[in-house]
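# Residue-level structural notes
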Amino acid sequence: MANFSDSPNWEIHDDYYTKKSTWELITPFIPQDKTIWEFCLLNSNEQSKQYLQELGYNVVGNRDIAFLINNLEADILVSNIPFSTEIKIKIMKRLVELDRPFIFIMNSLNIFTKYFKEIFGDKHIQLIYPTHKIHYTKFVDGQLINNYKTSFYSVFVSYKIVDKDTWI
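Here's a quick rundown of the structure. Within any chain, residue numbers begin from 1 and follow the written order of that chain's sequence. Confidence filtering applies because this is a predicted model: local features only for residues at pLDDT of at least 70, side-chain atom pairs given and counted only at 80 or more, and all residues used for totals across whole chains, interfaces and linings. Note: side-chain values were computed over all heavy atoms of the structure, leaving out hydrogens and water.

### A short note on the overall build of the protein
To keep things clear, this is the line we draw: Helix and strand definitions here come from DSSP, where helices need a minimum of 4 consecutive H or I residues and strands a minimum of 2 consecutive E residues; each element is numbered from the N-terminal end. As defined in this context, the radius of gyration uses C-alpha atoms, and a globule is described by 2.2 Å times the residue total to the power 0.38. For every residue, the accessible area (1.4 Å probe, protein chains only) is compared with the maximum for its type, and the residue is labelled buried under 20%, exposed over 50%, or partly exposed between those bounds. Between two residues, a contact is recorded if the distance between any of their heavy atoms is within 4.5 Å. In this charge count, Lys and Arg are treated as positive and Asp and Glu as negative; neither His nor the chain ends contribute. Here the site of a charge means NZ on Lys, CZ on Arg, CG on Asp, or CD on Glu.
Scanning the protein from terminus to terminus reveals 4 helices and 10 strands. Order of helices (α) and strands (β) in the protein, N terminus to C terminus: β-α-β-α-β-β-α-β-α-β-β-β-β-β. The globule rule puts the C-alpha radius of gyration for 168 residues at 15 Å, and the 15 Å found for the protein is close to it. Taken across its 168 residues, the protein has 48% of its residues classed as buried. Nonlocal contacts in the protein, meaning residues at least 24 apart in sequence, comprise 72% of its contacts between residues at least 6 apart. Here the protein contributes 18 positive and 20 negative side-chain charges, whose respective centroids are spaced 3 Å apart.

Right, dumping it as structure tokens:
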């Protein structure tokens, strides 16, 4: 159960970053010979791109490429999409428009929203469920800080990657 005592102080932050250990969870699903576009790198330190490269992938994308208006050649799109609903909706619609294989991580509660159903309703979306809570990192004053107090569970949303919903 959530602790709502601080709910008047909740803010949405789009600057939480995925740990390397989280990306390691999806490596069984992405062949090493595929090029990955890490598509949500704006306003980031490109840490996810570095982690995916360290895991042996050829990764394209950088902070100067806006996903909503650009298109890079890649086999699979992978990212941790922003938490802000307005941006998230635009990104998900763009993924449907591109119709290419993707995996992204997000708050699991989003899969129950009206906008999620409207965007992906007729697509064969698969979910990859971690068996534990995913924690993120955040840069504070130039230092990478681990965030062990994530208040939500995350899920990987995939398209044209796995055949069925999967637990990892």
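Moving on, there is more to tell.
### Re the sheet that holds strand 4 (residues 76-80)
Under the convention used in this document: We treat two strands as partners when DSSP finds at least two bridges between them. Each axis is a line fitted through C-alpha atoms, and for a helix only the stretch in contact is used; angles between axes span 0 to 180 degrees, taken between their N-to-C directions.
Pairing is mixed across the open sheet formed by 7 strands, whose spatial order is 3-2-4-5-9-6-10. The sheet terminates laterally at strand 3 (58-60) and strand 10 (166-167), the two strands that pair on one side only. By the bridge criterion, 4 bridges tie strand 6 (residues 125-129) to strand 9 (residues 154-159) in an arrangement that is antiparallel. Looking at strand 9, one finds that glutamine 126 is bridged to serine 158. Across the sheet, helix 2 (residues 47-54) touches strand 2 (35-38), strand 3 and strand 4, and the angle it forms with strand 2 is around 165°. Along the sheet, helix 3 (residues 85-98) makes contact with strand 2, strand 4 and strand 5 (102-107), crossing strand 5 at roughly 160°.

### Observations regarding the packing of aromatic side chains
Here a ring pair, both rings aromatic, is described through the centre-centre distance and the interplanar angle of the planes. Condition: Pairs were defined over the aromatic rings of Phe, Tyr and Trp, the Trp ring being its six-membered one, requiring ring centres within 6.5 Å. Orientation was assigned from the angle between planes: stacked under 30 degrees, edge-to-face over 60, tilted for the rest. Throughout this description, the term charge over a ring refers to an Arg CZ or Lys NZ atom that lies within 6 Å of the ring centre and within 35 degrees of the ring normal.
Under the defined criterion, the tally for this structure stands at 11 aromatic pairs. Plain terms: the ring middles of phenylalanine 39 and phenylalanine 67 are 4.5 Å apart, the flat faces sit at 40° to each other, and that makes the pair tilted. Of the two residues, phenylalanine 39 sits in the loop between strand 2 and helix 2 while phenylalanine 67 sits in the loop between strand 3 and strand 4, which places them 28 residues apart along the sequence. Given the relative accessible area of 2%, phenylalanine 39 is considered buried. Among the aromatic residues, those joined into a ring-pair cluster are Phe102, Phe104, Phe116, Phe120 and Tyr159. It is arginine 94 that lies over the ring of phenylalanine 67; its NZ or CZ is 5.7 Å from the centre.

### Focus on the pairing of strand 8 (residues 143-147)
Taken together, the 5 bridges between strand 7 (residues 136-140) and strand 8 define a ladder with antiparallel strand orientation. The partner of tyrosine 136 across the bridge, within strand 8, is asparagine 147. Counted between consecutive antiparallel strands, the loop separating strand 7 from strand 8 contains 2 residues, among which aspartate 141 sits at a positive phi close to 55°.

### Regarding the pairing of strand 4
Every regular strand shows the same layout, with side chains that alternate between the two sheet faces. Stated precisely, the cut-off is as follows: Orient the strands so they point away from the viewer, and a crossover whose first-strand-to-second-strand path over the helix runs clockwise is right-handed.
Along strand 4, 5 of the 5 residues are buried, which leaves the element largely enclosed by surrounding structure. Judged by which residues are buried, strand 4 turns out to be covered on both faces: Ile76, Val78 and Asn80 on one side and Leu77 and Ser79 on the other are all buried. Pairing between strand 4 and strand 5: 4 bridges, direction parallel. From the neighbouring strand, serine 79 faces strand 5, where its bridge partner is phenylalanine 104. A crossover links strand 4 with its parallel partner strand 5, the connecting element being helix 3, and its sense is right-handed.

### Re the sheet that holds strand 8
Each strand in a sheet pairs with another by means of backbone hydrogen bonds, the pair being arranged parallel or else antiparallel. Strand order in the open sheet made by the 3 strands is 1-7-8, with antiparallel pairing throughout. Of all strands in the sheet, those bounded by a partner on one side alone are strand 1 (16-18) and strand 8. Taking the axes of each pair of neighbouring strands and ignoring which way they run, one obtains an average angle of 40° across the sheet.

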